Amino acid sequence: MDALNYKQLILPLADMLYRFARSILKNDDQAKDAVQELNLKLWEKRNYLDTVDNLQAFTMKSMRNLCLDEIRKRKNNNDLYEDLHSEIPGPHQQVEENDMSKIIKNMIESLPELQKTVMRLRDIEGFEIEEIATITGLTNNAVTVNLSRARQKIRERINNEYLKVEKNVWIG
Amino acid sequence: MDRIDELLKKYFDAETSLDEEKTLRNYFLSSSVKPEHLKYKSLFEVFASEKMIKYTESEIDFVTEKSKSPKNHRITKWISAGISIAAVLIIAIMLINPQYGSSKDYAMINGKYIDNEEYVMQLAKSKIENVNGVLSRSMKPIKNLSKVKNSLEPIRVISEISKK
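Caption draft 1: How the structure looks around the packing of helix α8 (residues 113-124) of chain A against helix α3 (residues 41-51) of chain B. Two numbers describe how α8 of chain A lies on α3 of chain B: the axes approach to 10 Å, and their chain directions differ by 85 degrees. By the angle between their directions, the pair α8 of chain A and α3 of chain B is classed as roughly perpendicular. Across the interface between the two elements, M119, R120, D123 and I124 of chain A of α8 of chain A pack against F47, E50 and K51 of chain B of α3 of chain B. Grouping the constituent residues of the contact of α8 of chain A with α3 of chain B by class yields three nonpolar, no polar and four charged.

Caption draft 2: Inspection of the environment of A57 of chain A at higher detail. Residue and element names in this part refer to chain A. On the secondary structure map, A57 appears in helix α5 (residues 55-76). Taking the C-alpha atoms as reference points, A57 and E130, 73 residues apart in sequence, are found 9.5 Å from one another. Leave out the neighbours within four places in its chain, and A57 touches F127, E131, T134 and I135.

Caption draft 3: The pattern of salt bridges, seen in detail. Residues and elements named next belong to chain A. Evaluation of the coordinates by the stated rule reveals 18 salt bridges over all chains. Between R19 and E125 there is a salt bridge, with its nearest N and O atoms 2.9 Å apart. Highlighted residues: R19 in helix α2 (residues 14-25) and E125 in the loop between α8 and α9 (129-136), separated in sequence by 106 residues. The exposure class of R19 is buried, given its relative accessible area of 6%. Residue classification places E125 among the buried positions, given a relative accessible area of 12%. The closest approach of N and O atoms between E113 and K116, which form a salt bridge, is 3.6 Å. In this pair, E113 and K116 both sit in helix α8, three residues apart, roughly one turn of the helix.

Caption draft 4: Inspection of the environment of I129 of chain A at higher detail. Residue and element names in this part refer to chain A. If you trace the backbone, I129 turns up in helix α9. Considered as a pair, I129 and L147 are 18 residues apart in the sequence and their alpha carbons are 9.4 Å apart. Discounting chain neighbours no more than four positions away, the residues touching I129 are R122, N140, V143, T144 and L147.

Cut-offs and rules
- Residues numbered from 1 in each chain as written.
- Chains lettered and ligands numbered in written order.
- Predicted model: local features only at pLDDT ≥ 70, side-chain atom pairs only at ≥ 80, totals over all residues.
- Heavy atoms only, no water.
- Axes fitted to C-alpha atoms, helices over the stretch in contact; angles between N-to-C directions.
- Helix = DSSP H or I, 4+ residues; strand = E, 2+ residues; numbered from the N terminus.
- Parallel < 35°, antiparallel > 145°, perpendicular 65-115°, else oblique.
- Contact = heavy atoms within 4.5 Å.
- Nonpolar A, V, L, I, M, F, W, Y, C, P; charged D, E, K, R; others polar.
- Salt bridge = Lys/Arg side-chain N within 4 Å of Asp/Glu carboxyl O.
- Buried < 20%, exposed > 50% of the residue type's maximum accessible area, 1.4 Å probe, protein only.

Structure follows, in structure tokens:
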């Protein structure tokens, strides 16, 4: 792949890669670093990129692997500081937040990792089931099952949240 | 059953196509959401707002052989900021002080900018002469001290002879 094709095909994926990295690493700076690091690796392997069928799915898979490696390194180094000082609010802040959007973001964040990943890849980034299977290493069926579970869990939590609101209004 | 209700059921069972999900998205992001569907509006708004998050660097560094190590991204950021601040300070000093950049010699005397070389030389000469005068007067006691020291020498010699 020459420089022009690389610029036209790979560089525009930066936004999507950054969002994905951010959702896994839970840190803006580290997510930006991950994008730069992946860019470097992809550039070094640019000749191989011509043989890839689906560049978007391939780059997202590469980003996922890179981020998971980073998390493993963090755990090995007992990097508690990074875990405690995550920039993205965790579920414990849900009590303080009344805004429904924030509540829903926290609901999504608190899903099991695989369900959250599958939901983000489908509902935010718009990938097909087959592409999500490539990115995550799951079968198509497993992707569908995880996606269904994630959505149903969110629906249940939204319904519970609305029941709480109605109860408060009724009691008030 | 309403078309949206049908799509919502399929959606939560993960059976919708991307086109059908687009229909749901357009509906929930519109201003004509029915009351019974309002509780899901925020969900689709969150997805839409997440999609707006951008990689904020003006342009991703195009990779060359000289690419910087991404691990030093934050350190590089601080160094760049420091250099920028230093550059701004230097430029500010140059702008505030109009003498910077001038190729002429000058002196600052009592807060005044003097570039008349002859005047400055004469002034410097008179000041140096004054200093010489002061030094001469100041050195007199020291010269007297050495006279005293010389006069005390015979007494020292006699003292040593007596000890022997």
